[in-house]
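Architecture at a glance
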Amino acid sequence: MEGNNSNDHYDHEGSKMGMWLFIFTELLFFGGLFFVYAISRYKNETAFALAAEELNVTTGAINTIILLISSATIAMAVSAIQLKKKNITLIFLAITLILAVVFLVNKYFEWGAKIEHGIYPGSEILQQLGYGEILYFGLYFAMTGLHALHIIVGIVIILIISVKVYNEKIHAERFVQLENTGLYWHLVDIIWIFLFPLFYLIV
Amino acid sequence: MSNSNLPNYLEYKGKYKGLLGWIFSTDHKRIGLLYLYSVMTFFIVGALLGLLMKFELIAPGKTIMEAKSYNAIFTLHGITMIFLIVIPGIPAILGNFFLPIMIGAKDVFYPKLNLISWWLYILGAVVALSSQFMHGASPDTGWTFYAPYSFRTQSNVLPALIGAFILGFSSILTGINFIVTMHRLRAPGMKWLKMPLFPWSLYGTAWIQVLATPIIGITLLMVVAERVLNIGFFDPALGGDPVLYQHLFWIYSHPAVYIMILPSMGVISEVIPTFARKEIFGYNAVVISTLLIAFVGYFVWGHHMFTAGMSETSLFAFSFLTFLVAIPSAIKTFNWLATLYKGSIILKTPMYWAVSFLFIFMIGGLSGMVLGSLAANVHLHDTAFVVAHFHFIVFGGVGFGFFAGIHYWFPKIFGRMYDASWADTGWLIFFIGFLTLYAPMFYLGITGMPRRYYDYVPEFHPANIISSFGAFIMIAGLAIIIINLIRSAKKGPKAEESPWGGKTLEWTVSSPPIVENFEEIPEIK
Amino acid sequence: MVETKKHKIVSYKTYGIILIALIILTFISVFVTRIDLSNLSIVVALSIAGIKSLLVFSFFMHLLYDKKMYSLMVAGVLLVMTLVLIVTFLDYSYL
Amino acid sequence: MYSNLSNFSEGVDNAFVIIFSVIAVFLVGLTVLLIYFLFRYSEKRNPQPTPIKGNMWLEIVWTIIPLGLVLGMFYYGWMAWIPMLSKAPENSIEIKTTAQMWSWKFEYENGKRTDTLIIPLGKPIELIANSPDVLHSLYIPAFRIKRDIVPGRITTMWFKANREGEYNLFCAEYCGLQHSYMKTEVKVLSPEKYDEWYIDTTAAVALTSIPGAAGLKIIRDMGCTACHSLDGSTLVGPTYKGVFGHEVDVITNGKERKVIADAEYIKNSINNPNDDIVKGFNKGLMRSYKNELTDDEIEQIILYLQTLSGGKE
Ligand code: HEA
Ligand code: HEA
Ligand code: CUA
Ligand SMILES: [Cu+2]
């Protein structure tokens, strides 16, 4: 009924479905951490609220906006490739990359400041603060760390994809890899959309 | 389209020769066989570990090993059996081999990813098993890695955790691959409700693999973080909650038991109609029950934690849902039985396995009902009764399903027939050994013998002797079965295209199948 | 291949509008949580995050333009996730 | 089954027997049917199969009937469970229970400590349990009760014994090396005997007259003997025999050194066991007893250890 195969057949729809399934696994992968967050928060409400004061909302908000813009630009890149505008596609991808790097730099300073203050898993200061704080910062480092790891992987993938666009391996007829990269990047964005209020805003 | 002159997949020469031609082949059939050989190897390891435990338990006190070794052995036995054998088992071996053929495709959707899954499987296995040979003690946590013991113990738990994590990845990739294959590559005319039942069962399984496995992945990573970084998610000394660990572990591991059993049920749903020479009774009901098991099975994990101190609401909900999840299994059982009604039954080796599957699966499943009851569970939780339940349903259900499948499809896979009388003898000895081995454990559990016990009080002695004796009978059976199959794969007489008169697509292609299965993609009317 | 449905190319403008909406929502959520609403602020912040992710799903990830099946799958997965979370919470509060 | 040894056993046994009967009927019935079909519709007796696609009504019937049955099973399990969850009666005897690697410790209302659970017949007993290390599970098969003891939480459970005697008490949750030896006994005494035992302090008085006997009792009651032998054999920790006054190889902060096991060293080993790790043994197994043993008690222990070294020093 649907398209039929042989090994080198190009099936846009199928590849995209595979990507969606992968995104589902990612959602549940982070989901596990969100469960732990939810339960820990429920049990240590005040400590979580106090600990959240330690984080800088401005940094978080800036990073949120950076990711949102990068998400939009990669989505535009997908439109551009279909419009057969190779150069514009590349420009959009480049902007996405730059924004991703800026996000990481921001993160680096944010983490650096925390670690300088002696707040990191297993640190002396944290041990003295109490259970809720230990959990909060444990989750903070684990979740934003895992998220940053995804950003790094995303940067590598976008680089590869850009080269492929440049070499015209990816073009208006065959762009599912670009679209899938976009999907992945949006997922990373969505996860951040939730991390931001959970760690920075709710106090 | 039979009697093709094209080379079959066993003889085909690709880019590489010899062994390399296998371990780098993206042909789904070769990958299926790679899995077959690796899983069987681990199975023999795991089975021998089981045997060692039975030697130890034959008498109270020290028999052949120290408590330390016993704890390490049941941990390794559990990890190999669950993560290396029954979870990948049927989907990766029989599923890989037959799913594309049964839906009329040339290969799975992502052949390369398929190969990567196998490599990940091997990598995960090597990492997990390396824990045995590294400096320090072998892991001794049980396959459940319960917190906080799993980060208190000094043994090499890390490699076991990371190995299990990698194996999870392999499982996810197989799942993704199968779902896309079934969505995109069904032969023209094969509507969803014309798809054979084995692919259907793999479809349900694949969704569980995709949606449940990530949870165990992240949970195991959290335990790793706990050990390495002292983060404290589950450590009461740092404010964490050990029961939360159990929730997360079972959120995966209960659905995982349906990852194990569903494909096995799929095999049975193929074997029974073929040998009853009749269509399956109530095709739609069987399909729906498959999907229901997959869905409801997601929400019953708490029945492993009835005594862990959960809230009353949870206890109520989980016990209730546990009973509900039995219904789809019951529907399946009744449909299988009804298929036999007014059939014309040929009793050959695969059918012996299928029928004994029914019997043993019923015992296993029905004993699950006893465990699902709150009051009875208080008494039976963490006793030999649970051990009996899950050996009946995991080993009995999945193992018997697998043996049914392998005897059913053997002629198709290898193009040769096995010796039926040896196979039947092996089955009989195995079946008797199985009952002798595990039935006494129900009794032991009811009289109160806890599980994971290296030593026990004398009143448990008699039943343990019988049980150990059963293990020895089973060795004999298993050895006959395996030796017979290995010998026949090389030397057996050439098999016909369709030795049993099966109706599904795989029986229309040559034995063994050609490289891309079909010369021409069949059209289903 | 029986593939007939052509890809809809989403205009830059649409993406631009969605982006602006997302940024405004971000500001709103920062603003709302600054004023003290106690427990309500969690609900508000998470609802806004929900709306934002809905926008990303439907526009950036094309669910709105793609086959219905994808939306169904996403909804199913999110449903399973929420149910699992709710069932887990049964153990922690008597809802 | 139906031994009726505690107030809960009847409910549990009832649930078990009811479920067991239903499933036995199903198992036997379906198996007989299976064998009958195999026989009656074998190729020989029925060469021509009759094609049947399915039957809606049958499907509905065999969905509804099991559904009803399982709901019944659920009901009995639930009803028997409610009393176990309920609050212990007001007049219960409270016993503080500590489950630790790998021994049990019971502390009675008057401060008496034992390693076996001693209770009177017919009175409600409430166990208030905690664990300082990992998960354990208190399981008395004869009474049909079991509850996991989760570190960081207080677990309470209650029951009433119905007959005098001695019963096994097991640890049912895997807790490491000596899990299978983490067992003890429940002694159910008649109320009179129990009272006699409860107020009897002669044993404790007698102890003070023999040197070291009090120390030995502490060691037993605190569960030290789960890991330390008295006779020179090696368990999880070093044996007590001959420790006192002898040279020990220890690892301090990663460096090996030799120390003489004097009173100071022993005391520190009990209060801060991770300071000096005896060579060949694992760190982190023994926990600190700083808050559980008074200096007096540690002195008693040391007194006892001296007797194990031949009392020379
Ligand atoms: C293949 C794997 C598999 C499968 C399919 C099942 C299926 C079921 N399991 Fe099992 N289970 C395990 C593997 C599996 N289990 C493992 C490995 C453990 C132990 C883990 C560990 O702790 O190490 C375990 C533990 C376990 C426990 C926890 C015990 C404890 O530790 O206290 C419980 C409790 O409810 C349970 C229940 C069930 C139920 C109700 C089903 C149901 O799905 C069964 C449904 C089937 C039937 C009911 C039979 C067929 C139907 C009929 C014949 C019709 C008539 C039926 C009725 C009228 C009801 N299982
Ligand atoms: C698929 C799953 C599976 C299978 C097949 C088995 C198979 C066996 N298991 Fe299994 N078992 C588990 C899964 C499985 N187990 C799990 C998950 C646990 C829980 C672990 C934990 O608590 O963490 C467990 C725990 C467990 C225990 C409980 C430990 C305890 O709680 O104290 C025991 C005790 O006897 C046991 C015994 C056995 C035995 C004797 C076999 C036997 O059936 C093995 C029989 C096989 C043989 C006897 C054949 C040997 C083979 C040969 C000689 C090959 C010859 C072939 C050639 C020459 C080619 N197992
Ligand atoms: Cu304590 Cu097992
Ligand atoms: Cu389960």
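Bear in mind that the values here come from a model prediction, so they are computed numbers and not experimental data.

Tallying secondary structure elements over chain D gives seven helices and 13 strands in all. The globule rule puts the C-alpha radius of gyration for 313 residues at 20 Å, and the 28 Å found for chain D is more than 25% above it. Its C-alpha atoms put chain D at 95 × 50 × 30 Å along the principal axes. When the accessible surface of chain D is summed, it comes to about 15300 Å², and 58% of that surface belongs to carbon and sulfur atoms. Positive and negative side-chain charges of chain D, numbering 31 and 35 respectively, have mean locations separated by a distance of 8 Å.

On to the site of ligand 1. Near ligand 1, the surroundings consist of 34 residues, among which Trp143, Tyr258, His381, His389 and Arg451 of chain B are the closest. Residues within reach of ligand 1 are spread across chains B and D. Histidine 389 of chain B is positioned such that a nitrogen or oxygen atom in its side chain is 2.9 Å from a nitrogen atom of ligand 1. For the shell around ligand 1, the secondary-structure elements that each account for two or more residues are helix H9 (242-276), helix H11 (312-340), helix H12 (349-372) and helix H14 (384-414) of chain B together with helix H1 (9-40) and helix H2 (56-85) of chain D. By residue number, the principal contributor to the shell around ligand 1 is H12 of chain B, which donates eight residues. Its residues placed into classes, the shell around ligand 1 shows 22 nonpolar, eleven polar and one charged.

All right, on to the coordination of the iron atom of ligand 1 then. Residue and element names in this part refer to chain B. In this structure the iron atom of ligand 1 is ligated by exactly one protein donor, His389 (NE2), at 2.2 Å. Between the two metals, the iron atom of ligand 1 and the copper ion (ligand 4), the spacing is 4.4 Å. Residue position: histidine 389 is located in helix H14.

In this section: the site of ligand 2. Residue and element names in this part refer to chain B. Near ligand 2 there are 32 residues, and of these Tyr70, His77, His391, Tyr438 and Arg452 occur at the shortest range. Here tyrosine 70 contributes a side-chain N or O atom positioned 2.6 Å from an oxygen atom of ligand 2. Histidine 77 is positioned with one of its side-chain polar atoms (N or O) 2.7 Å from a nitrogen atom of ligand 2. Listed by contribution, the elements that provide at least two residues to the shell around ligand 2 are helix H2 (28-57), helix H3 (67-86), H14, helix H15 (420-446) and helix H16 (461-491). Classifying every residue of the shell around ligand 2 by side-chain character gives 24 nonpolar, five polar and three charged.

Listed per partner, the contact involves 73 residues of chain D and 85 residues of chain B. Together chain D and chain B conceal approximately 7000 Å² of surface at their shared face, both sides included; 70% is due to carbon and sulfur atoms. When the area that chain D buries against chain B is broken down by residue, the three leading residues are Trp62, Phe74 and Tyr174 of chain D, summing to 10%. For the interface between chain D and chain B, the tally reads three salt bridges. Measuring nitrogen to oxygen at the nearest pair gives 3.5 Å for the salt bridge that ties glutamate 43 of chain D to arginine 277 of chain B. Linking chain D to chain B there are 26 residue pairs in polar contact (both at pLDDT 80 or more). Broken down by secondary-structure element, the contributors of at least two residues to the side of chain D that touches chain B are H1, H2, strand S7 (145-149) and strand S9 (165-171) of chain D. Broken down by element, the side of chain D that touches chain B gets its largest block of residues, 16 residues, from H2 of chain D.

This brings us to the arrangement of the chains. Ranking by contact count across four pairs of chains in contact places chains B and D at the top. Across the gap from chain A to chain D, with no contact made, the nearest C-alpha atoms are 12 Å apart.

This part is about a nonpolar patch on the surface. Together, Leu149, Ile152, Val153, Val156, Leu159 and Ile160 of chain A make up a nonpolar patch on the protein surface, roughly 500 Å² of accessible area in all. The class for leucine 149 of chain A is partly exposed, based on a relative accessible area of 48%.

On to the nonpolar core, then. Membership of the largest hydrophobic core comes to 392 residues, with the highest contact counts inside it found for Phe24 of chain A, Leu94 of chain B together with Phe143 of chain D. The element that contributes the greatest number of residues to this core is H9 of chain B, accounting for 21 residues. Look past the residues within four positions of leucine 94 of chain B in its chain and what remains in contact with it is Gly89, Leu99, Phe198, Val267, Phe402, Gly405, Ile406, Trp409 and Ile413 of chain B. Phe244, Ile266, Ile302 and Tyr304 of chain D belong to the second largest nonpolar core, which has 23 residues in total.

For the rest of this paragraph, the subject is the pairing of strand S5 (residues 124-130) of chain D. Residue and element names in this part refer to chain D. Burial runs high along S5: five of the seven residues are buried. Here six bridges tie strand S1 (residues 93-100) to S5, and the two strands are oriented parallel to one another. Note on S5: the bridge partner recorded for threonine 97 is alanine 129.

Next up on the list: the sheet that holds strand S13 (residues 276-278) of chain D. Residues and elements named next belong to chain D. Ordered by their spatial adjacency, three strands build an open sheet running S12-S11-S13, and the pairing between neighbours is antiparallel. The open sheet terminates on both sides in strands that have one partner only, identified here as strand S12 (255-260) and S13. Here the average twist between neighbouring strands, direction ignored, is 45°. Against the sheet, helix H6 (residues 263-271) touches strand S11 (247-252), S12 and S13, its axis set at about 95° to S13.

Attention now goes to the interface of chain B and chain C. The interface of chain B with chain C comprises 21 residues on the first partner and 14 residues on the second. Between chain B and chain C lies a buried interface of about 1500 Å² when both sides are counted; carbon and sulfur atoms form 72% of it. Applying the counting rule to chain B against chain C returns zero salt bridges. On the surface where chain B and chain C come into contact, there are six residue pairs in polar contact (both at pLDDT 80 or more).

Right, let's talk about the side chain of asparagine 71 of chain B for a bit. Relative to the helices and strands, asparagine 71 of chain B is located in helix H3. There is a polar contact of 3.3 Å between the side chain of asparagine 71 of chain B and the backbone oxygen of leucine 177 of chain D.

Residues and elements named next belong to chain B. All of the protein donors around the iron atom of ligand 2 are His77 (NE2) and His391 (NE2); their distances to the metal are 2.0 Å. Note that the iron atom of ligand 2 binds six donor atoms; their angles at the metal cover 85 to 180°, and the shape is octahedral. Separated by 314 residues along the polypeptide, histidine 77 in helix H3 and histidine 391 in helix H14 bring together distant segments of the chain. One exposure class covers both histidine 77 and histidine 391, and it is buried.

What follows concerns the domain arrangement of chain D. All names here are of chain D. For chain D, the assigned domains read domain 1 (9-85), domain 2 (93-200) and domain 3 (207-307). Relative placement of domain 1 and domain 2: their C-alpha centres are 39 Å apart. Contacts between the two partners involve six residues from domain 1, matched on the other side by four residues from domain 2. The contact between domain 1 and domain 2 buries some 460 Å² in all, and 45% of this surface belongs to carbon and sulfur atoms. Our enumeration of links across domain 1 and domain 2 arrives at one salt bridge. One salt bridge in this structure joins aspartate 13 and arginine 144, with 2.7 Å as the shortest N-O distance. Linking domain 1 to domain 2 there are two residue pairs in polar contact (both at pLDDT 80 or more). Taken together, the elements giving at least two residues each to the side of domain 1 that touches domain 2 come down to H1 and H2.

As a further point, take the packing of helix H3 (residues 57-82) of chain A against helix H1 (residues 12-34) of chain C. Two numbers describe how H3 of chain A lies on H1 of chain C: the axes approach to 10 Å, and their chain directions differ by 165°. One way to sum up the angle between H3 of chain A and H1 of chain C is to call them roughly antiparallel. Between H3 of chain A and H1 of chain C lies a crossing of right-handed hand. Seen from H3 of chain A, the contacting residues are Val57, Ala61, Thr64, Ile65, Leu68, Ile69, Ala72, Ala75, Met76, Ser79 and Ala80 of chain A; seen from H1 of chain C, they are Tyr12, Tyr15, Gly16, Leu19, Leu22, Ile23, Thr26, Phe27, Val30 and Arg34 of chain C. For the contact of H3 of chain A with H1 of chain C, the class distribution of residues is 16 nonpolar, four polar and one charged.

Looking now at helix H1 (residues 12-43) of chain A. All names here are of chain A. Under the 1.5 Å per step criterion, the end-to-end length of H1 is 46 Å for 32 residues, consistent within 8% with the ideal 46 Å. If you look at H1, its biggest bend is around 25°, right at glycine 32. When you tally the buried positions in H1, you get 29 out of 32 residues, the bulk of the element.

Bringing the sheet that holds strand S4 (residues 117-120) of chain D into the picture now. Residue and element names in this part refer to chain D. Pairing is mixed in the open sheet, where five strands are placed in the order S4-S10-S9-S6-S7. Edge positions in the sheet fall to S4 and S7, since each has one partner strand and no second. Here the average twist between neighbouring strands, direction ignored, is 20°.

What counts, and at which threshold
- Residues numbered from 1 in each chain as written.
- Chains lettered and ligands numbered in written order.
- Predicted model: local features only at pLDDT ≥ 70, side-chain atom pairs only at ≥ 80, totals over all residues.
- Heavy atoms only, no water.
- Helix = DSSP H or I, 4+ residues; strand = E, 2+ residues; numbered from the N terminus.
- Rg over C-alpha atoms; globule rule 2.2 N^0.38 Å.
- Areas by Shrake-Rupley, 256 points an atom, 1.4 Å probe, with all protein chains shown as cover.
- Lys, Arg positive; Asp, Glu negative; His and termini not counted.
- Charge placed at Lys NZ, Arg CZ, Asp CG, Glu CD.
- Near = heavy atom within 4 Å.
- Polar contact = N/O pair within 3.5 Å; in protein donor to acceptor, adjacent residues only side chain to side chain.
- Nonpolar A, V, L, I, M, F, W, Y, C, P; charged D, E, K, R; others polar.
- Donors = N, O, S within 2.8 Å, 3.2 Å for Na, K, Ca; no water.
- Contact = heavy atoms within 4.5 Å.
- Buried area = accessible area lost by both parts, 1.4 Å probe.
- Salt bridge = Lys/Arg side-chain N within 4 Å of Asp/Glu carboxyl O.
- Patch = residues over 30% accessible without salt bridge, like charges linked within 9 Å, V, L, I, M, F, W, Y side chains within 5 Å.
- Buried < 20%, exposed > 50% of the residue type's maximum accessible area, 1.4 Å probe, protein only.
- Core = buried A, V, L, I, M, F, W, Y, C linked by side-chain atoms within 4.5 Å.
- Pairing = 2+ DSSP bridges.
- Axes fitted to C-alpha atoms, helices over the stretch in contact; angles between N-to-C directions.
- Tetrahedral: all angles 85-135°; square planar, octahedral: opposite > 155°, others 65-115°.
- Domains from an automatic or database assignment.
- Parallel < 35°, antiparallel > 145°, perpendicular 65-115°, else oblique.
- Left-handed = near helix turned anticlockwise from the far one by under 90°.
- Expected span 1.5 Å × (residues − 1).
- Bend = angle between axes of the 7 residues up to and from the residue.

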